[in-house]
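Fold and geometry: a report
One letter stands for each residue in the lines below.
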Amino acid sequence: MLKLDGRAAAGCLLVGLMAASGGCIRMPGGSEPAASSRAATTRESHTGPRVSDSARRYPLDSLPTSTITIRGHTFRVWLAREFDPQRPDVVQEGLMHVPPEEIADDQGMLFVFSDERLRGFWMLNTITPLDIAFARMDGTIVKIWQMPPLTLRTFGSIEPAMLALEVKQGTFSRLGIKEGDRIEVPADVWLIPER
């Protein structure tokens, strides 16, 4: 995933490079993040190594998890928190290298930032087509995009956002989730992990 600061995101918007990442955040100034399992498609937890583990700095099963709800639909999410001292740059890695088989239909990655600002993601090293929903601190979805795999196009939040949720592409339209809907985020998502 790839994150843009407000000025960089505005510049991208002006030149038509709209935001978002499916597995990587674009760093301020346009620099690329450092490149550093076999998955269940059911509601059960995955056991054993994943195919993606060897390519990732933070294997999916090493990430903290939580459960969020949108319009009555529950999602189990891996947390990529910008302020996680145990996992520096986890936000930049996002869902890089993760094949679709390792993401269940009710799973995704929730990116949690320290403040609301314009955000931008791209799909560097991200092989699974993804939907992304940018949301304010209160969970209100401000922008949804569908992101094709491996594109370096930036997909932007358009409005300041503090959260970004990535799920398999087509999930939001299939469930009727749209801009203006609200992500119900439990308190544990905001906790600063201990060192």
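None of these values were measured; they are calculated from a predicted model.

1. Focus: the overall build of the protein
In terms of regular secondary structure, the protein is built from three helices and ten strands. Counting from the amino terminus, the protein carries its helices and strands in the arrangement α-β-β-β-α-β-β-β-β-β-β-α-β. Within the span of the protein, comprising 195 residues, buried residues form 52% of the whole. Entry remark: accessible area of the protein is about 8,400 Å², with carbon and sulfur atoms responsible for 54%.

2. Notes on the sheet that holds strand β7 (residues 141–147)
Pairing is mixed in the open sheet, where seven strands are placed in the order β7-β6-β9-β4-β3-β2-β10. Pairing within the sheet leaves two strands with one partner each, and these edge strands are β7 and β10 (183–184). Inspection of the sheet shows strand β3 (residues 73–81) paired to strand β4 (residues 107–117) by six bridges, in the parallel sense. Within the sheet, the bridge partner assigned to alanine 80 lies in β4 and is phenylalanine 111.

3. Some remarks on the environment of glycine 120
Locating glycine 120 in the fold gives a position in strand β5 (residues 120–122). When its relative accessible area of 0% is taken as the criterion, glycine 120 is described as buried. The sequence separation of glycine 120 and threonine 154 amounts to 34 residues, and the corresponding C-alpha distance is 6.0 Å.

4. Regarding the pairing of β7
Burial of β7 is extensive: five of the seven residues sit out of reach of the surface. Taken together, the six bridges between strand β6 (residues 130–135) and β7 define a ladder with antiparallel strand orientation. The partner of alanine 135 across the bridge, within β7, is isoleucine 141. Linking β6 back to β7 in an antiparallel pair, the connection comprises five residues, with glycine 139 at a positive phi of about 95°.

5. Here's the deal with the pattern of salt bridges
Taken as a whole and judged by the stated rule, the model has 13 salt bridges. Taking the shortest distance from any N to any O, the salt bridge between arginine 57 and aspartate 89 comes out at 3.5 Å. Highlighted residues: arginine 57 in the loop between β1 (24–25) and β2 (65–70) and aspartate 89 in the loop between β3 and α2 (90–93), separated in sequence by 32 residues. Looking at arginine 57, the relative accessible area reads 42%, which means it is partly exposed. Between aspartate 106 and arginine 76 there is a salt bridge whose closest N-O contact spans 2.7 Å.

6. Quick word on the packing of aromatic side chains
Inspection of the entire model under this criterion finds four aromatic pairs. Judged by centre distance (5.6 Å) and plane angle (70°), the ring pair of phenylalanine 121 and phenylalanine 134 falls under edge-to-face. Of this pair, phenylalanine 121 sits in strand β5 while phenylalanine 134 is found in strand β6, placing the two residues 13 residues apart along the sequence. With respect to burial, phenylalanine 121 and phenylalanine 134 carry one shared label: buried.

7. Quick look at the nonpolar core
Grouped together as the largest cluster of nonpolar side chains are 24 residues, with contacts concentrated most on Leu95, Met109, Phe111 and Phe134. Broken down by secondary-structure element, the contributors of at least two residues to this core are β3, α2, β4, β6, β7 and β9 (161–168). Judged by nonpolar contacts, the second largest core, of 19 residues, contains Leu79, Ile144, Leu163 and Ile183.

8. Examining the side chain of threonine 171
Relative to the helices and strands, threonine 171 is located in helix α3 (residues 171–175). Here the side chain of threonine 171 touches lysine 168 through a polar contact of 2.6 Å, landing on its backbone oxygen. Once residues lying within four places of it in the same chain are set aside, the contact partners of threonine 171 are Phe75, Asp105 and Asp131.

9. A word on the environment of methionine 137
Relative to the assigned elements, methionine 137 resides in the loop between β6 and β7. Separated by 23 residues in sequence, methionine 137 and proline 160 place their C-alpha atoms 9.4 Å apart. Setting aside anything within four residues of it in sequence, one finds methionine 137 in contact with Glu116, Met162 and Trp190.

Rules of the game
Residues numbered from 1 in each chain as written. Predicted model: local features only at pLDDT ≥ 70, side-chain atom pairs only at ≥ 80, totals over all residues. Heavy atoms only, no water. Helix = DSSP H or I, 4+ residues; strand = E, 2+ residues; numbered from the N terminus. Buried < 20%, exposed > 50% of the residue type's maximum accessible area, 1.4 Å probe, protein only. Areas by Shrake-Rupley, 256 points an atom, 1.4 Å probe, with all protein chains shown as cover. Pairing = 2+ DSSP bridges. Salt bridge = Lys/Arg side-chain N within 4 Å of Asp/Glu carboxyl O. Phe/Tyr/Trp six-rings, centres within 6.5 Å; stacked < 30°, edge-to-face > 60°. Core = buried A, V, L, I, M, F, W, Y, C linked by side-chain atoms within 4.5 Å. Polar contact = N/O pair within 3.5 Å; in protein donor to acceptor, adjacent residues only side chain to side chain. Contact = heavy atoms within 4.5 Å.

Any functional reading would require information that these geometric values do not contain.
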